[in-house]
Amino acid sequence: MTRQRGTARLRRSRFRFSRRDFLATGLAAVVAPSVTLVGQPRQAPRFSGPPFSLGVASGDPSPDGMVLWTRLAPVPLEGGGMPDEMVEVHWEVARDERMREIVQRGTVVAVPEQGHSVHVEVAGLDPDRWYWYRFRSGTEASRVGRTRTLPLSGTSVRRLNMAFVSCQHYETGFFTAYRHMLNDDLDVVFHLGDYIYEYEGRDGRARKHTGDEIELLRDYRNRHALYRLDPDLQAAHARFPFVVTWDDHEVDNNYAADVSEEQGLPSELFLRRRAEAYQAYFEHMPLRGVSRPTGPRMQLYRGFEYGDLAAFFVLDTRQYRTDQPCDDRSGPTCAGVLDPQATLLGEEQERWLLSGLDRSATRWNVLPQQVMMARVDRAPGSEERISMDQWSGYEAGRRRLMEFLAVRRPANPVVLTGDIHTNWVNDLQVDYARDTEPVVGTEFVGTSVTSGGDGSDVRDDTAGMLSENPWVRFFNSQRGYVRCVITPQAWTADYRVLEYVTHQGSPISTRASFVVENGRPGAQRV
Ligand SMILES: [Fe+2]
């Protein structure tokens, strides 16, 4: 135990990263947090506060199990407040809400090196049904969470209910979207990134981040904890399994692989920050052990199959991308946009995606991912202004994927997108220059939970943008989430919007619904 306390002192005394520090010390290696099992775990710990303050979560389902998550954090905003020692956590899974019919239980050890986070990979359960779970440590018990296994691969599935969300800047509003979501009958929720924002606290907003811009593991932990203290977010995690992927703000705005937003920051230095951010992300998400980061690397792209109905290819467009072209400034197509070497997915992920799509036998093939895939010109008339951070900035890669959809024709491709804090429905096409281009897939872009503040139905530029880009079928700039019902015949998407987020209690309504019929790419308004 003495040795562990020594490690903690060392950790506390670490400097904040800066380029000067990097150059002064010459540290190039990224420090990977490791699990040290020394001595016996504490069986009956005393906590300085409620240890399950961050709630519970589940995710990454399989036909016989899922991940159950919690993190012991009696003092959540100050590093968790756990003693620097290992602690036993017991878990149990039941077939009923009242936890009477327990079907599995076990004990895991929460360790300081992992922020006393707990990731239980349950196996051996029945497919396609609800389960309930909870944790205990010492004399304390967590709330009961609800979760669900996947149907067996290949079996007939008649219906899947899901929602997708993204972009929940804590300061710009309340997570009312999640509160309304509790009334929906959902099998799973997909989170498409910007789960946290890295920025320093600012006055004059709905809520306030604690502290400066986050750069160190301890800061990232505290930021995740701040978000996870939100009761609506906690309730959603307890009620539905989540499948998560990240965008940029889990680390740093608009970062690309090892390139920071900050111009000229050495990649070795940025990778140290990335390693700390990835570690904190893993510690707070219901992810399997295969996603546990090694230094600045983390396996996040992965697949899920709902029987014969839908295959989900969850993408990571941040970790492997080449740097944004044209200095990441929106504008006309520059040489970098057309560079065939430029990539959003990286070679390996792209191969995984295309071979997976080629092999898939499901009715729907779904790509939950981050940045807008349809090419949208934001400038009226002959002028052109495209985003360099989205697929439009990586035209060769976008075209490869669209041509693959056109030629190999995987069944019913649907792309789910976050990032831009607005609702869109887009036709996916190989070429956007010709009016007669066939539609090869459908893109549903979901708005933010809070980012951007209250928003509005239309913006000054909406009419112009829609006439400039006829493949955009819908645009709205309110906050909320997208609720989907998937059947063998059709995919229906309800755009759920809030009147406001800067104060609590907004009602919610369905602003528009769109349907994609089996075998007919492109969504139709209903
Ligand atoms: Fe965002």
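It should be emphasised that the depicted structure is a prediction, and the values quoted were computed from it without experimental measurement.

Participant: Sorry, what's going on with the nonpolar core here?
Facilitator: Soluble globular proteins tend to bury their nonpolar side chains together. Ranked by size, the top nonpolar core spans 43 residues in total, and within it Tyr-178, Met-181, Tyr-281, Leu-287 and Met-298 carry the most contacts. If you list the elements that add at least two residues to this core, you get β9 (160-165), α3 (176-181), α4 (217-228), α5 (231-239), β11 (242-244) and α6 (267-284). In terms of residue count, the dominant contributor to this core is α6 (7 residues). Core analysis: the second largest hydrophobic core is formed by 33 residues, Ala-374, Val-430, Val-440 and Trp-471 among them.

Participant: I would appreciate a short explanation of the side chain of Asp-316 in the present structure.
Facilitator: Among the secondary structure elements, Asp-316 is positioned in the loop between β13 (310-314) and α7 (347-359). A polar atom in the side chain of Asp-316 sits 3.0 Å from the side chain of Trp-246. Within polar-contact distance, the side chain of Asp-316 engages the backbone nitrogen of Arg-318 at 3.0 Å. Discounting residues that sit within four places of it in the chain, Asp-316 has contacts with Thr-245, Trp-246, Met-298, Leu-300, Tyr-301, Leu-344, Leu-345, Gln-349 and Gln-370.

Participant: Hey, could you run me through the coordination of the iron ion in this one?
Facilitator: Think of it this way: four donors in a tetrahedron around the metal ideally sit 109.5 degrees apart, and six in an octahedron ideally sit 90 or 180 degrees apart. Listed as protein donors to the iron ion are Cys-167 (SG), Asp-194 (OD), Tyr-197 (OH) and His-421 (NE2); their distances from the metal cover 2.1 to 2.6 Å. Classification of the site at the iron ion rests on its 4 donor atoms, whose angles at the metal span 85 to 168 degrees, yielding the label irregular. Each donor residue of the iron ion belongs to the same chain, with the gaps between them written as C-x26-D-x2-Y-x223-H. Of this pair, Tyr-197 sits in the loop between β10 (188-191) and α4 while His-421 sits in the loop between β15 (413-417) and β16 (423-428), and the two are 224 residues apart along the sequence.

Participant: Would you mind showing me how to read the pairing of β13 here?
Facilitator: Across a regular strand the side chains alternate sides, sitting on one face of the sheet and then on the other. With 5 of its 5 residues buried, β13 lies for the most part within the structure. The side-chain alternation of β13 yields two buried faces, one formed by Ala-310, Phe-312 and Val-314 and the other by Ala-311 and Phe-313. Pairing of strand β12 (residues 302-306) with β13, which is carried by 5 bridges, proceeds in the antiparallel orientation. Each bridged residue has a counterpart across the sheet, and for Phe-304 the counterpart in β13 is Phe-312.

Participant: What is the right way to read the confidence of the model for the protein from this model?
Facilitator: Low-pLDDT stretches of the model should not have their predicted coordinates read in fine detail. Summing up the model confidence of the protein, the mean pLDDT is 92 and the portion of residues at 70 or higher is 93%. With pLDDT under 50 throughout, residues 1-36 is counted as low confidence; its partners more than four residues away or in other chains account for 63 contacts.

Participant: Whenever I open this one, α4 confuses me. Can you help?
Facilitator: Residue pairs spaced three or four apart in an α-helix point in one direction, given the helix's 3.6 residues per turn. For α4, built from 12 residues, the straight-helix expectation of 16 Å at 1.5 Å per residue is met to within 8% by its first-to-last C-alpha distance of 16 Å. Restricting attention to buried positions, one finds in α4 the residues Leu-217, Asp-219, Tyr-220, Arg-221, Asn-222, Arg-223, His-224, Ala-225, Leu-226, Tyr-227 and Arg-228. Check the buried side of α4 and you find it contacts β2 (65-71), α5 and α6.

Participant: Help me out: how do you make sense of the packing of α7 against helix α8 (residues 395-408) in this one?
Facilitator: Viewed as axis vectors pointing N to C, α7 and α8 meet at an angle of 15 degrees, and their least axial separation amounts to 11 Å. Considering their axes alone, α7 and α8 lie roughly parallel with respect to each other. With respect to the hand of their crossing, α7 and α8 are arranged in right-handed fashion. Touching Glu-350, Leu-353, Leu-354, Leu-357 and Asp-358 of α7 are Arg-400, Leu-401, Phe-404, Leu-405 and Arg-408, all from α8.

Participant: Could you clarify how one ought to interpret the environment of Asn-469 in this entry?
Facilitator: Inspection of the secondary structure assignment puts Asn-469 in the loop between α9 (462-468) and β19 (472-486). For Asn-469, a relative accessible area of 0% gives the class buried. C-alpha of Asn-469 to C-alpha of Asp-232: the two residues are 237 residues apart in sequence and 36 Å apart in space. A polar contact of 2.8 Å, which involves the side chain of Asn-469, links it to the backbone nitrogen of Asp-377.

Participant: Even after reading the chapter, I still don't get the state of the cysteines, so can you show me in this structure?
Facilitator: In protein chemistry, a disulfide is the covalent bond that joins the sulfur atoms of two cysteines. One pass over the structure, following the stated rule, counts 1 disulfide. A sulfur-sulfur distance of 1.6 Å marks the disulfide that ties Cys-326 to Cys-334. Sign of the S-S torsion, about -55 degrees for the bond between Cys-326 and Cys-334, identifies this disulfide as left-handed. You can call Cys-334 partly exposed: its relative accessible area is 23%. The cysteine Cys-484 is free of any disulfide, with Cys-167 supplying the nearest cysteine sulfur at 16 Å.

Participant: Got a minute to help me understand the packing of α4 against α6 in this structure?
Facilitator: Relative placement of two packed helices is described by the angle separating their axes and the distance separating the axes. Viewed as axis vectors pointing N to C, α4 and α6 meet at an angle of 35 degrees, and their least axial separation amounts to 8 Å. Judged by the sense of rotation from one axis to the other, the crossing of α4 with α6 is right-handed. Residues Leu-217, Tyr-220, Arg-221, His-224, Ala-225 and Arg-228 of α4 pack against Arg-273, Glu-276, Ala-277, Gln-279, Ala-280, Tyr-281, Glu-283 and His-284 of α6. Taken together, the residues of the contact of α4 with α6 break down into 6 nonpolar, 3 polar and 5 charged.

Participant: Honestly, α5 in this entry has me stumped. Any pointers?
Facilitator: In terms of residue burial, α5 counts as a mostly covered element, since 7 of its 9 residues are buried. Within the sequence span of α5, burial applies to Asp-232, Leu-233, Gln-234, Ala-235, Ala-236, His-237 and Ala-238. Packed against the buried residues of α5 are β1 (56-62), β6 (130-137), β8 (145-148), α3, α4 and β11. At the N-terminal boundary of α5, the capping side chain belongs to Asp-230, with an oxygen 2.9 Å from the backbone nitrogen of Asp-232.

Rules used throughout
- Every residue gets a number counted from 1 within its own chain, in the order that chain's sequence is written.
- Since the coordinates come from a predicted model, pLDDT governs what is reported: local features require at least 70, and pairs of side-chain atoms require 80 or more to be given and counted, while whole-chain, interface and lining totals use all residues.
- Based on all heavy atoms of the structure, the side-chain values leave hydrogens and waters out of the count.
- By nonpolar core is meant a set of buried Ala, Val, Leu, Ile, Met, Phe, Trp, Tyr and Cys residues that side-chain atoms within 4.5 Å join together.
- A simple rule labels every residue: compare its accessible area, found with a 1.4 Å probe on the protein chains alone, to the largest value its type can have, and call it buried under 20%, exposed over 50%, or partly exposed in between.
- For the purposes of this entry, the term helix denotes a DSSP run of H or I that reaches at least four residues, the term strand denotes a run of E that reaches at least two, and both are numbered from the N terminus.
- In the analysis that follows, any N or O atom pair within 3.5 Å is treated as a polar contact, provided that within protein one partner can donate a hydrogen and the other can accept it, and provided that, for residues neighboring in sequence, both atoms belong to side chains.
- Only heavy atoms enter the contact rule, under which two residues are in contact if any of them lie within 4.5 Å.
- Coordinating N, O and S atoms are those within 2.8 Å of the metal (3.2 Å for Na, K and Ca), and as water is not part of the atoms, a site may appear to have fewer donors than expected.
- Irregular is the default label, applied whenever a site is not tetrahedral (four donors, all angles between 85 and 135 degrees) and neither square planar nor octahedral (four or six donors, opposite donors over 155 degrees apart, all other angles between 65 and 115).
- The rule for pairing is simple: two strands pair if DSSP sees at least two bridges between them.
- The score called pLDDT rates the predictor's confidence residue by residue, from a low of 0 to a high of 100.
- In this analysis, the expected span of each helix is defined as 1.5 Å times one less than the number of residues it contains.
- In this analysis, axes come from line fits to C-alpha atoms, helices being fitted only over the stretch in contact, and the angle between any two N-to-C directions falls in the range 0 to 180 degrees.
- The cut-offs work like this: below 35 degrees is roughly parallel, past 145 is roughly antiparallel, 65 to 115 is roughly perpendicular, and the gaps in between are oblique.
- Take the far helix as the reference: if the near one is turned anticlockwise from it by less than a right angle, the crossing is left-handed, and if turned clockwise, right-handed.
- Any two cysteine sulfur atoms lying within 2.5 Å of each other are counted as a disulfide.
- Charged residues are taken to be Asp, Glu, Lys and Arg, nonpolar residues to be Ala, Val, Leu, Ile, Met, Phe, Trp, Tyr, Cys and Pro, and polar residues to be all remaining types, Gly included.

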